[in-house]
Amino acid sequence: MQRGIANILHRDTIAVIVGSKTFERGEACFTAKRVQSVEAARGELRGVVRPNEGGRAPYIVRIWVREEGLAYECTCPIGVTRQFCKHTVAIALAHLENQRIEIERGIGVLREALAAIAPPALIEGLVGLARRDPEMSDTLKRMCLDVLSKQ
Ligand SMILES: [Zn+2]
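As a starting point, this report considers the structure included with it. (Residues numbered from 1 in each chain as written. Predicted model: local features only at pLDDT ≥ 70, side-chain atom pairs only at ≥ 80, totals over all residues. Heavy atoms only, no water.)

## Structural notes on the coordination of the zinc ion
Right, on to step 1. Surrounding the zinc ion are the protein donor atoms C74 (SG), C76 (SG), C85 (SG) and H87 (ND1), which sit 2.1 to 2.3 Å from the metal.
Right, on to step 2. With four donor atoms in place around the zinc ion and angles of 106 to 113° between them, the coordination shape is tetrahedral.
Right, on to step 3. All donors of the zinc ion belong to a single chain; written as a sequence motif, their spacing is C-x1-C-x8-C-x1-H.
Right, on to step 4. Overall, C76 belongs to the buried group, its relative accessible area being 4%. (Donors = N, O, S within 2.8 Å, 3.2 Å for Na, K, Ca; no water. Tetrahedral: all angles 85-135°; square planar, octahedral: opposite > 155°, others 65-115°. Buried < 20%, exposed > 50% of the residue type's maximum accessible area, 1.4 Å probe, protein only.)

## Remarks on the sheet that holds strand β2 (residues 44-49)
Right, on to step 1. In space, the four strands of this open sheet follow the order β1-β2-β3-β4, with antiparallel pairing throughout. Each edge of the sheet is formed by a strand with only one pairing partner; in this case those strands are β1 (35-41) and β4 (69-74). The sheet shows a mean angle of 15° between the axes of neighbouring strands, direction not considered.
Right, on to step 2. The strands touched by helix α4 (residues 86-116) are β1, β2, β3 (59-66) and β4; relative to β1, the strand with the most contacts, the crossing angle is about 70°. (Pairing = 2+ DSSP bridges. Helix = DSSP H or I, 4+ residues; strand = E, 2+ residues; numbered from the N terminus. Axes fitted to C-alpha atoms, helices over the stretch in contact; angles between N-to-C directions. Contact = heavy atoms within 4.5 Å.)

## Here's the deal with the packing of aromatic side chains
Aromatic rings considered in pairs are described by the distance between their centres and by the relative angle of their planes.
Right, on to step 1. If you walk through the whole model with that rule in mind, you get one aromatic pair.
Right, on to step 2. For the ring pair Y72 and F84, a centre distance of 4.1 Å and an interplane angle of 45° mean the geometry is tilted. Taken together, the positions of Y72 in strand β4 and F84 in the loop between β4 and α4 put the pair twelve residues apart, joining distant regions of the chain.
Right, on to step 3. On the accessibility criterion, Y72 (15% relative accessible area) is buried.
Right, on to step 4. A cation sits over an aromatic face here: R62 above W64, 3.8 Å from the ring centre. (Phe/Tyr/Trp six-rings, centres within 6.5 Å; stacked < 30°, edge-to-face > 60°. Lys NZ or Arg CZ within 6 Å of the ring centre and 35° of its normal.)

## Notes on the nonpolar core
Right, on to step 1. Counting residues in each nonpolar core, the largest one holds 25 residues, and the members touching the most others are I14, V49, I63, V89 and I91.
Right, on to step 2. Those elements giving two or more residues to this core turn out to be α2 (11-18), α3 (20-31), β1, β2, β3, β4 and α4.
Right, on to step 3. If one sorts the elements of this core by residue count, α4 sits on top with seven residues.
Right, on to step 4. I14 has contacts with L9, F23, F84, V89, A92 and L96, leaving out every residue within four places of it along the chain. (Core = buried A, V, L, I, M, F, W, Y, C linked by side-chain atoms within 4.5 Å.)

## A word on the pattern of salt bridges
Charged atoms that come close allow side chains of opposite charge to pair.
Right, on to step 1. Counting across every chain of the model gives eight salt bridges.
Right, on to step 2. Note that E97 is salt-bridged to R100, the shortest N-O span being 3.1 Å. Separated by three residues within a single helix, E97 and R100 lie in helix α4, roughly one turn from each other.
Right, on to step 3. Residue classification places R100 among the partly exposed positions, given a relative accessible area of 46%. (Salt bridge = Lys/Arg side-chain N within 4 Å of Asp/Glu carboxyl O.)

## A closer look at the packing of α3 against α4
Right, on to step 1. Orientation of α3 relative to α4, taken along the N-to-C sense of each, is 60°, at an axis distance of 7 Å. The angle between α3 and α4 places the two elements in the oblique class. Every pair of crossing elements has a handedness; the one defined by α3 and α4 is right-handed. Here T22, F23, R25, G26, E27, C29 and F30 of α3 lie close against α4, whose contacting residues are K86, H87, V89, A90, L93, A94 and E97.
Right, on to step 2. A class-by-class count of the residues in the contact of α3 with α4 yields seven nonpolar, three polar and four charged. (Parallel < 35°, antiparallel > 145°, perpendicular 65-115°, else oblique. Left-handed = near helix turned anticlockwise from the far one by under 90°. Nonpolar A, V, L, I, M, F, W, Y, C, P; charged D, E, K, R; others polar.)

Written out as structure tokens, the structure reads:
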């Protein structure tokens, strides 16, 4: 079974796994824009983090999914012992940020597309969604009540 790494990688989960000190250091590393690249593929994340000190080689980080949970490695002295180092945290945070941006972009496209649809077609589309999904139906009813109460 191939689980996407995004499904188990959350900000809170990372903080719990690594402890607050490493998390804070990783967050500082991410905020300082030291993450040079991060890419997700088939249940793993790979990334490169610029070292703090000049003259050192960039850190190569990998996080992947195992049956027991997450596994990680980094070329820094802590990471080579397969401990969750601050670079691993920084890569994970960079990935989450990329995902957030991608979702926002998708919502932006959806918003434009919805604005371009004539109201009757939009209504038929929403009624179709409500018919297929009772929960969606309730959500739409609540949304209508909410909007109507403000008019
Ligand atoms: Zn490291």
